[in-house]
Amino acid sequence: MPPALLKQDAALAALAWQIEAGADEAIGEEAVDRFARSAEAAEAKQRAEAQAQAQAEARDRAAAGRPPQREAARAPGGRQGFWEAAPAELRSGSDAVATARRLAAGARNVDELREALAGFDGCPLKQTATKLVFADGNPQARYMIVGEAPGPQEDRQGIPFVGPSGKLLDAMLAAIGLDRETAYITNMLFWRPPGNRTPTATEIATCLPFTERHIELVAPDYLMLVGGSSAKSLLGRSEGVLKLRGRWFHYQSPEMPRPIPALATLHPAYLLRQPAQKRLAWRDFLSFRAAFTSGGDPAA
Ligand code: URA
């Protein structure tokens, strides 16, 4: 094969590799050396430090003759499911999670929470994302929608649900007489995972204190959890979203005066891939509208 063609093949292969790895669009004029601040290296470092800290704590407890601490006891809001499934270093509390909890707890309103997140470096996704994607809609809304994570368009604009999933979500809300003026919309993760991959347990755990505080500060009457990531992590459930959807649960975190009804439903991205499942989502949306209109608590 002529050298010129070999070069072209190699260039195409490198491009394909980059696309698979998540670098699927040009986001700036200048190339950035991502290797210099590798997200994975940062995550591994955090893990090692948290593990060392957990081991040191366990040694101290043993030396003081105290029994080993029950790890799940640290789960916020008493919801054990997510934390039981999380890696050990998260259950015992990594530095990043501890910092996230401290920063989130210190936020007295939504603006302060956004500022706290903007200054938080514990989630390695921040290194590869273009923008922080915090929230959209009305912070006074009676209901809050929590999705999974920003995609490419959200990453570019810094606004949740503005890509194809967002368009479908808007259409579904419109079908039950709702819109972004009446909703407050956010995600479990505030930065885009490269290549739209599924968020890891570490990423979810690191951002969870912010999402929990976000819900406390907005204090909606109803929650709509779109997709498995938000339904499972916020409700502490291990079932898949197809088992959870259509069901009402009570969501509560430590600072909330009372539990609020939360409906799990299918993610619009899933519905775009599986249009036949839209009928299930439609039932969920009707159930949401009925609750929202009556003001009742369907989870009671
Ligand atoms: N999918 C989500 O879960 N959130 C977004 O903001 C966009 C796509």
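Everything numeric in this text was worked out from a predicted model, so none of it was measured. (Residues numbered from 1 in each chain as written. Predicted model: local features only at pLDDT ≥ 70, side-chain atom pairs only at ≥ 80, totals over all residues. Heavy atoms only, no water.)

A.B. asks: Break down the overall build of the chain for me, citing the residues and quoting the values.
C.D. replies: A count of helical and extended segments in the chain gives 14 helices and six strands. Scored against the burial criterion, the 300 residues of the chain give a buried share of 43%. As presented, the chain carries roughly 15100 Å² of accessible surface, and 54% of it is formed by carbon and sulfur atoms. (Helix = DSSP H or I, 4+ residues; strand = E, 2+ residues; numbered from the N terminus. Buried < 20%, exposed > 50% of the residue type's maximum accessible area, 1.4 Å probe, protein only. Areas by Shrake-Rupley, 256 points an atom, 1.4 Å probe, with all protein chains shown as cover.)

A.B. asks: Tell me about the nonpolar core, and please be specific about residues and values.
C.D. replies: Counting 40 residues, the largest nonpolar core has Trp 191, Phe 210, Leu 223 and Tyr 251 as its most contacted members. Those elements that place two or more of their residues in this core are helix H5 (95-106), helix H6 (110-118), strand E2 (143-147), helix H10 (201-218), strand E4 (222-226), helix H11 (228-235), strand E5 (248-251) and strand E6 (260-265). No other element matches the six residues that H10 contributes to this core. Contact partners of Trp 191, with chain neighbours within four places excluded, come to Leu 117, Phe 120, Cys 123, Leu 125, Lys 126, Ala 129, Lys 131, Leu 132, Pro 150 and Cys 207. (Core = buried A, V, L, I, M, F, W, Y, C linked by side-chain atoms within 4.5 Å. Contact = heavy atoms within 4.5 Å.)

A.B. asks: Tell me about H10, residues and numbers included.
C.D. replies: Taking 1.5 Å as the rise per residue, H10 with 18 residues should run 26 Å; its terminal C-alpha atoms sit 25 Å apart, in good agreement. Maximum bend of H10: about 40 degrees, positioned at Leu 208, with proline Pro 209 one to four residues after it. Counting buried residues in H10 gives 16 out of 18 residues, a clear majority hidden from the surface. Phi for Ala 219, located one or two positions after H10, is positive at around 50 degrees. (Expected span 1.5 Å × (residues − 1). Bend = angle between axes of the 7 residues up to and from the residue.)

A.B. asks: Provide a residue-level description of the environment of Thr 128, including the pertinent values.
C.D. replies: Locating Thr 128 in the fold gives a position in helix H7 (residues 125-128). Here Thr 128 falls in the partly exposed class, since its relative accessible area comes to 30%. Separated by 64 residues in sequence, Thr 128 and Arg 192 have C-alpha atoms that sit 7.8 Å apart.

A.B. asks: Requested: an account of the site of the ligand, with residues and values cited.
C.D. replies: Surrounding the ligand, one finds Gly 147, Glu 148, Ala 149, Glu 154, Pro 160, Phe 161, Asn 187 and His 267. Between the ligand and Phe 161, the relevant distance is 2.8 Å, taken from an oxygen atom to a main-chain nitrogen or oxygen of the residue. For the ligand, a nitrogen atom lies 2.8 Å from a polar atom in the side chain of Asn 187. Summarising the interface, the protein chains cover 93% of the accessible area of the ligand, which totals 240 Å² for the free molecule. Classifying every residue of the shell around the ligand gives three nonpolar, three polar and two charged. (Near = heavy atom within 4 Å. Polar contact = N/O pair within 3.5 Å; in protein donor to acceptor, adjacent residues only side chain to side chain. Nonpolar A, V, L, I, M, F, W, Y, C, P; charged D, E, K, R; others polar.)

A.B. asks: Describe in detail the pairing of E6, supporting the description with residues and values.
C.D. replies: Counting buried positions over the six residues of E6 gives six, a clear majority of the element. What you see with E6 is no split at all: Ile 260, Ala 262 and Ala 264 on one side and Pro 261, Leu 263 and Thr 265 on the other are buried throughout. Sheet topology note: the E5/E6 ladder contains four bridges and is antiparallel. Among the inter-strand pairings, His 250 is bridged to a residue of E6, identified as Pro 261. (Pairing = 2+ DSSP bridges.)

A.B. asks: Which residues make up the state of the cysteines, and what values go with them?
C.D. replies: By the definition in use, this model includes zero disulfides. Cysteine Cys 123 shares no disulfide, and the gap to the nearest cysteine sulfur, in Cys 207, comes to 4.1 Å. In this structure Cys 123 comes out as buried when scored by relative accessible area, which is 0%. (Disulfide = S-S within 2.5 Å.)

A.B. asks: Describe the packing of H6 against H10, and please don't skip the residues or the numbers.
C.D. replies: Where H6 meets H10, the axes come as close as 10 Å, and the angle between the chain directions of the two elements is 165 degrees. By the criterion of interaxial angle, the relationship of H6 to H10 is roughly antiparallel. For the pair H6 and H10, the crossing hand works out as left-handed. Where H6 approaches H10, its residues Val 110, Leu 113, Ala 116 and Leu 117 are matched on the opposing element by Phe 210, Arg 213, His 214, Leu 217 and Val 218. Per-class residue counts for the contact of H6 with H10 are seven nonpolar, one polar and one charged. (Axes fitted to C-alpha atoms, helices over the stretch in contact; angles between N-to-C directions. Parallel < 35°, antiparallel > 145°, perpendicular 65-115°, else oblique. Left-handed = near helix turned anticlockwise from the far one by under 90°.)

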